[in-house]
Amino acid sequence: MDEDLRNIVLGVLATGVSASLGWLGRTYLWRRGLRRQRAFFGLPAGAECLLVVNKESGTDRSVHRYDVFALLELSALIKDCGALARITPHDQAHQGFGDRTEFCLGGPYSNRRTGAHLATLLPGVTVNVEVEPGPDRGAFVIGRETYRPEAGVAEYVLLARLTAGEGGRPVFLFCGQRAITNQAATRYLARHHRALARRHRSGSFVLLLKVVNSGAYGPDVVELVADVTREATTVPAAAPAAT
């Protein structure tokens, strides 16, 4: 009887120790993952970040519904880090970069601040902002390559993490050819930020993504076309003068 009781006690103790070690292991992994997530987004607990929102094309103040969905995706990431978000219209964000993390949503035709970031941080990228319909409307020129949208079939979006300024906090750009591609980029970031942090070691990167058949699949089917960091951050060579 004493032997059976001892075995029971030892079994209970072993179970308790195993459960405690498992809980400690899971807690350690969770905290390590959270530290890495906060480092990648530049969002320590309690930090404030900036959500710079664009306007729907052809309107003064309204935000496209897909951009609202994109803001919700970003808000969830920010909340996971224990940080705070401040939403600012693109034409009222009169401040530099680096002091706080910034999420800038929309292309230069709807977001003035995106246009400023492209000119300052991504000199190798040109976006066609013509209002008149045409095959090149909204097209990206990155280095020597041109990426034209096919509405509802194949559309492109730039997802960039850029570190600049004295504070070192990153700027995230979601520069799409349509509002639905902005949401696709935020969803891609939400799904792949851990892999991106490992691959880029919390440095700058510029990814070109293609949203496939958004007319049928919405923002869910996204392909990585290329890492265009070098091309996007390099000032294009001047064309030779005509003789």
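For the structure given in this document, a descriptive report is provided here. (Residues numbered from 1 in each chain as written. Predicted model: local features only at pLDDT ≥ 70, side-chain atom pairs only at ≥ 80, totals over all residues. Heavy atoms only, no water.)

Once that is clear, we can look at helix 2 (residues 65–80). Between its terminal C-alpha atoms helix 2 stretches 23 Å, which fits the 22 Å expected from 16 residues at 1.5 Å a residue. Phi turns positive one or two residues past the end of helix 2, at Gly82, with a value near 75°. (Helix = DSSP H or I, 4+ residues; strand = E, 2+ residues; numbered from the N terminus. Expected span 1.5 Å × (residues − 1).)

Right, let's talk about the pattern of salt bridges for a bit. It is possible for side chains bearing opposite charge to pair when their charged atoms get close. Following the criterion strictly, the structure yields nine salt bridges and no others. A salt bridge links Glu48 to Arg86; the nearest nitrogen and oxygen atoms lie 3.8 Å apart. Of the two residues, Glu48 sits in strand 1 (residues 48–53) while Arg86 sits in strand 2 (residues 84–89), which places them 38 residues apart along the sequence. Taking relative accessible area as the criterion, Arg86 reaches 32% and is therefore assigned partly exposed. Between Glu48 and Arg100 there is a salt bridge; the shortest N-O distance is 2.6 Å. In this pair, Glu48 is assigned in strand 1 and Arg100 in the loop between strand 2 and strand 3 (102–105), connecting sequence segments 52 residues apart. Glu48 gets classed as partly exposed once you look at its relative accessible area, which sits at 36%. (Salt bridge = Lys/Arg side-chain N within 4 Å of Asp/Glu carboxyl O. Buried < 20%, exposed > 50% of the residue type's maximum accessible area, 1.4 Å probe, protein only.)

With that settled, consider the sheet that holds strand 6 (residues 145–147). Here three strands make up an open sheet; going across it, the order is 4-5-6 and the pairing antiparallel. Where the open sheet ends on each side, the last strands, each with one partner, are strand 4 (125–127) and strand 6. Pairs of neighbouring strands in the sheet enclose a mean axial angle of 20°, with direction left out of account. As judged from the three bridges shared by strand 5 (residues 140–142) and strand 6, these two strands associate in the antiparallel manner. (Pairing = 2+ DSSP bridges. Axes fitted to C-alpha atoms, helices over the stretch in contact; angles between N-to-C directions.)

It is characteristic of soluble globular proteins that their nonpolar side chains tend to be buried jointly. Formed by 29 residues in total, the largest nonpolar core has its most connected members in Phe40, Phe41, Leu43, Phe103, Phe174 and Leu189. Sorting the residues of this core by element identifies helix 1 (2–41), strand 1, helix 2, strand 3, strand 7 (154–163), strand 8 (170–176), helix 4 (179–200) and strand 9 (205–212) as the ones contributing at least two each. It is helix 4 that provides the largest number of residues to this core, a total of six residues. Contacts of Phe103, omitting those with residues within four sequence positions, involve Phe41, Leu43, Cys49, Leu50, Leu51, Val52, Leu74, Ile78, Phe172 and Phe174. Val125, Ala160, Leu162 and Cys175 belong to the second-largest nonpolar core, a separate cluster that totals 23 residues. (Core = buried A, V, L, I, M, F, W, Y, C linked by side-chain atoms within 4.5 Å. Contact = heavy atoms within 4.5 Å.)

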